[in-house]
Amino acid sequence: MSDGLITTTSSEGLQALGSAAQRSWELITGTLGDRLDRDHAAIFAEPVSTHGGARIEWYVPPGCSGKPVPLTALSGPEAEEIRARLAAIHGRILALADQISAQNGAQAGPQTAAQTGAQSSADNYWLAEALRNAIEVPDQDAIWALRQDDGSLRPILVNWGRLLDTTRAARGALSVLAPNRRPPATTAAAAQAASALPAPAFPAAETVWLAAPPPPETPRPWGHWLVLLGWLLVAALIAAVLWLLIAPCGLRPGFLGFCPAPAAATAPALQAEALRAEIAQLTDRLALSERMCLNARKRAEAPAAPESGIADLDRRLQARGAAAGAMTISLVWSGRDDVDLRVSCPSGQIADLQRRPNDCGGLLDVDANYPALIAVEDPVENIHFNTPVPGRYRVQVARLTDVPPRGDLSFGVVLRRAGTPEQRREGTFRGREKRWSTEFEISR
């Protein structure tokens, strides 16, 4: 991942297109780099999810450089140049997607084409759909440019593979620049012949009866009186029902004035009612106790959360011969997964496995679980700083794919500095997540 942060966006209000595997930055850029060229792959900024996926940091792709500038900050001619270049790249990526989806399993050979044709066609369609989704963006704010040292510009996209989350979302900004399908070409001769043809004359539409037309309706003057009489009858019926419900039984005429004598309450009836109430209360208590026991059993049977290994940090560092330095940042986890530690100094320079020189004196002296043949169950990685400088240190943790993931993975990051309390951060990779970051503030 490159060190140049372009911008940070929120995933709220956006709809991601396709599956998470189809939105893989490595899949999109690798396919375009292999089948087209590096310039086509370099328009996609590298995403890093933070805050549990609520926000996304977008970085300049590796091998690219320049100062990020939003499209809205460019001058008119520069913005038109970026739009034109994106429209051309958009068309070539769509053409590649159409070419991939047209391929089938017959390329595997005459003997195996019948067996692999269906699977190969599905894979090609899946990959073509991923490319078409990748070139969609929600709005013009997703278009940026990298200004090179010589003043030239090259386009780059953030929030790619996403649209605004509406009931019927319009296609993105790149679809406006270049539509997904071109109209069929028309030759000059065909256009001239079409223009020479006279316009067809259509007769005016008229009503045609399949049978004799119905006779006109004659007005019925007594119809309104019938409607009024019906409403009066309904009102009288409602008034009678209300009077019977409200008037005391002694005031009703005839047989309607019958008032039944109240039933005498006896002692056995009162006792039976009390017993029924007590039984209902005991039944509710029993149901509540059963629910409490069931919840307690579920909590007892739930698997324990994976340990990050922070409690065993000192033993692991001593066993691996880790250096101390004036300050250390250590990464610890459990299992044979390959996880890498990387720290950005306050100036932006990097301390990682590549041992590049930096101005904060950071050096990775312990690496773990690579290659997979020497992986251990109690790994630890350590970066020590001989001359740390004050400022904000950004820690990045990456879960690599050379060892297949085996479910969720918890880990811990510990910062130790002489004369200051120890600082800890813990995180978890869930499912296919493979990047995590946090920050430490170091004062004088």
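Visitor: An account of the overall build of the protein chain is needed here, citing residue identities and associated values.
Guide: In terms of regular secondary structure, the protein chain is built from nine helices and 17 strands. Going through the 444 residues of the protein chain one by one, you find that 33% of them count as buried. For the protein chain, restricting intrachain contacts to residue pairs at least 6 apart in sequence, the fraction spanning at least 24 positions comes to 68%. As displayed, the protein chain has an accessible area near 27,800 Å², and 59% of this comes from carbon and sulfur atoms.

Visitor: So what about the pairing of strand E14 (residues 391-399)? Which residues, and what values?
Guide: E14 sits mainly inside the fold: eight of its nine residues count as buried. Looking at chain direction, strand E10 (residues 339-344) and E14 are connected through six bridges and run antiparallel. Following the sheet pairing, Asp340 is matched in E14 by Ala398. The pairing of E14 with strand E17 (residues 435-442) spans eight bridges and is antiparallel. Across the sheet, Gln396 pairs through a bridge with Ser437, a residue of E17.

Visitor: Residues and numbers for the sheet that holds strand E16 (residues 423-429), please.
Guide: Strand order in the open sheet formed by five strands is E12-E13-E9-E15-E16, and the pairing between neighbours is antiparallel. Looking at which strands have only one partner, the edges of the open sheet turn out to be strand E12 (362-366) and E16. Pairwise comparison of adjacent strand axes, ignoring direction, gives a mean angle of 20° for this sheet. Pairing of strand E15 (residues 409-417) with E16 involves seven bridges; the strand directions are antiparallel. Along E16, the bridge assignment pairs Gly412 with Glu426.

Visitor: Any chance you could break down the state of the cysteines for me, citing the residues and the numbers?
Guide: Tallied over the entire structure, the rule returns one disulfide. Disulfide pairing is shown between Cys345 and Cys360; the S-S distance is 1.9 Å. Of the two residues, Cys345 is situated in the loop between E10 and strand E11 (350-351) and Cys360 in the loop between E11 and E12; the sequence distance between them amounts to 15 residues.

Visitor: Pulling in residues and values, what's your account of the environment of Asp367?
Guide: Secondary-structure assignment places Asp367 in the loop between E12 and strand E13 (380-385). A relative accessible area of 32% places Asp367 in the partly exposed class. Along the chain, Asp367 and Leu353 lie 14 residues apart, while their C-alpha atoms are 7.6 Å from each other. For Asp367, the contacting residues outside a window of four places in its chain are Asp340, Leu353, Val380 and Glu381.

Visitor: For the pattern of salt bridges, give the residues involved together with the corresponding values.
Guide: In this structure the tally under the stated criterion is 22 salt bridges. The salt bridge involving Arg147 is made with Glu78; its shortest N-O contact spans 3.3 Å. Taken together, the residues span a long stretch of sequence, with Arg147 in strand E6 (residues 143-147) and Glu78 in helix H3 (residues 76-102) at a distance of 69 residues. With a closest N to O distance of 2.8 Å, Arg132 and Asp98 form a salt bridge. One end of the pair, Arg132, is in helix H4 (residues 113-134); the other, Asp98, is in helix H3, with 34 residues separating them in the sequence. Through salt bridges with shared partners, a single ionic network connects Asp312, Arg315, Arg316, Arg320 and Asp378.

Visitor: Explain the side chain of Arg162 to me, using residue names and the numbers behind them.
Guide: Structurally, Arg162 can be placed in strand E8 (residues 162-164). No salt bridge forms around the buried Arg162; measuring N to O, its nearest opposite-charge neighbour Asp165 is 11 Å away.

Visitor: Report on helix H1 (residues 25-35), specifying residues and quantitative values.
Guide: Along H1, the residues classified as buried are Trp25, Ile28, Thr29, Thr31 and Leu32. Buried residues along H1 cover an arc of 160° about the axis, so they all sit on one side.

Calculation rules
Residues numbered from 1 in each chain as written. Predicted model: local features only at pLDDT ≥ 70, side-chain atom pairs only at ≥ 80, totals over all residues. Heavy atoms only, no water. Helix = DSSP H or I, 4+ residues; strand = E, 2+ residues; numbered from the N terminus. Buried < 20%, exposed > 50% of the residue type's maximum accessible area, 1.4 Å probe, protein only. Contact = heavy atoms within 4.5 Å. Areas by Shrake-Rupley, 256 points an atom, 1.4 Å probe, with all protein chains shown as cover. Pairing = 2+ DSSP bridges. Axes fitted to C-alpha atoms, helices over the stretch in contact; angles between N-to-C directions. Disulfide = S-S within 2.5 Å. Salt bridge = Lys/Arg side-chain N within 4 Å of Asp/Glu carboxyl O. Lys, Arg positive; Asp, Glu negative; His and termini not counted. Arc of directions from axis to C-beta.

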